[in-house]
Amino acid sequence: MGADRIKHLEFIQATITRLGTNSFLVKGWALTLAAGLFALSASRLSWQLAGVGLVPLLCFWYLDCFFLRQERAFRRLYDDARRPGSTVEMLSMDVAPYLARMPWPEVWQTPTLLLFYAPLLLTDLALLVFAL
């Protein structure tokens, strides 16, 4: 493997790492915001606060889904770029062909995302119904 190919793989790996870190940070912010809004809406029995809490949770879920989809696309690019005789252009970071074969629902319904965001949304919905 040439030095250019190794540097290309390092660029891709750095991007994958950065996307994983972003996903982790999004989960932390989602949990922090949800816990704060849960506590506030439960203490005041406010259906408005519980309803408002749905919006950021859905936004964080979408953002986390976006990062996971991008990460998977870069992993596929990495797999193709590391193979001998690869047709991937040197130092290319174009993942559009991989994203085209990865539909949103496939990523949206990933067990890791469902197990994290679904309980938060269900809790928020329960608070909303209870406060009514």
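For clarity, every value in this text was computed on a predicted model and none was experimentally measured. (Residues numbered from 1 in each chain as written. Predicted model: local features only at pLDDT ≥ 70, side-chain atom pairs only at ≥ 80, totals over all residues. Heavy atoms only, no water.)

J.: Provide a residue-level description of the packing of helix H1 (residues 3-44) against helix H2 (residues 47-82), including the pertinent values.
T.: Viewed as axis vectors pointing N to C, H1 and H2 meet at an angle of 165°, and their least axial separation amounts to 9 Å. The pairing of H1 with H2 is recorded here as roughly antiparallel in orientation. The chirality of how H1 crosses H2 is left-handed. Counted by class, the contact of H1 with H2 contains 22 nonpolar, 9 polar and 7 charged residues. (Axes fitted to C-alpha atoms, helices over the stretch in contact; angles between N-to-C directions. Helix = DSSP H or I, 4+ residues; strand = E, 2+ residues; numbered from the N terminus. Parallel < 35°, antiparallel > 145°, perpendicular 65-115°, else oblique. Left-handed = near helix turned anticlockwise from the far one by under 90°. Nonpolar A, V, L, I, M, F, W, Y, C, P; charged D, E, K, R; others polar.)

J.: So what's going on with the pattern of salt bridges? Which residues, and what values?
T.: Tallying each qualifying case throughout the model produces 5 salt bridges. For Asp-64, the salt bridge identified is with Lys-27, shortest N-O distance 2.7 Å. Placement of the pair is Asp-64 in helix H2 and Lys-27 in helix H1, with a sequence separation of 37 residues. Overall, the relative accessible area of 0% leaves Asp-64 in the buried class. (Salt bridge = Lys/Arg side-chain N within 4 Å of Asp/Glu carboxyl O. Buried < 20%, exposed > 50% of the residue type's maximum accessible area, 1.4 Å probe, protein only.)

J.: Which residues make up H1, and what values do they have?
T.: Because the α-helix completes a turn every 3.6 residues, residues three or four places apart line up on one side. If you check H1, its first and last C-alpha atoms are 61 Å apart, about what 42 residues at 1.5 Å a residue would give, namely 62 Å. The positive-phi residue at the C-terminal boundary of H1 is Leu-45, with phi of around 50°. (Expected span 1.5 Å × (residues − 1).)

J.: Explain the side chain of Arg-69 residue by residue, including any values.
T.: Considering the arrangement of structural elements, one finds Arg-69 in helix H2. This buried residue, Arg-69, is left without a salt bridge; Glu-106 holds the nearest opposite charge, at 8.0 Å. In this structure Arg-69 touches Leu-99, Met-102, Trp-104 and Val-107, once residues within four positions along its chain are discounted. (Lys, Arg positive; Asp, Glu negative; His and termini not counted. Contact = heavy atoms within 4.5 Å.)

J.: Hey, could you go over helix H5 (residues 111-131) for me, with residue numbers and the actual values?
T.: Spanning 21 residues, H5 covers 30 Å between terminal C-alpha atoms, matching the ideal 30 Å at 1.5 Å per step. Taking the largest bend as the criterion, H5 deviates by roughly 25°, centred on Tyr-117, and proline Pro-119 comes between one and four positions later. Among all positions in H5, only Leu-113, Tyr-117, Leu-120, Leu-121, Asp-124, Leu-127, Leu-128 and Ala-131 are buried. Elements in contact with the buried residues of H5: H1, H2 and helix H4 (104-108). (Bend = angle between axes of the 7 residues up to and from the residue.)

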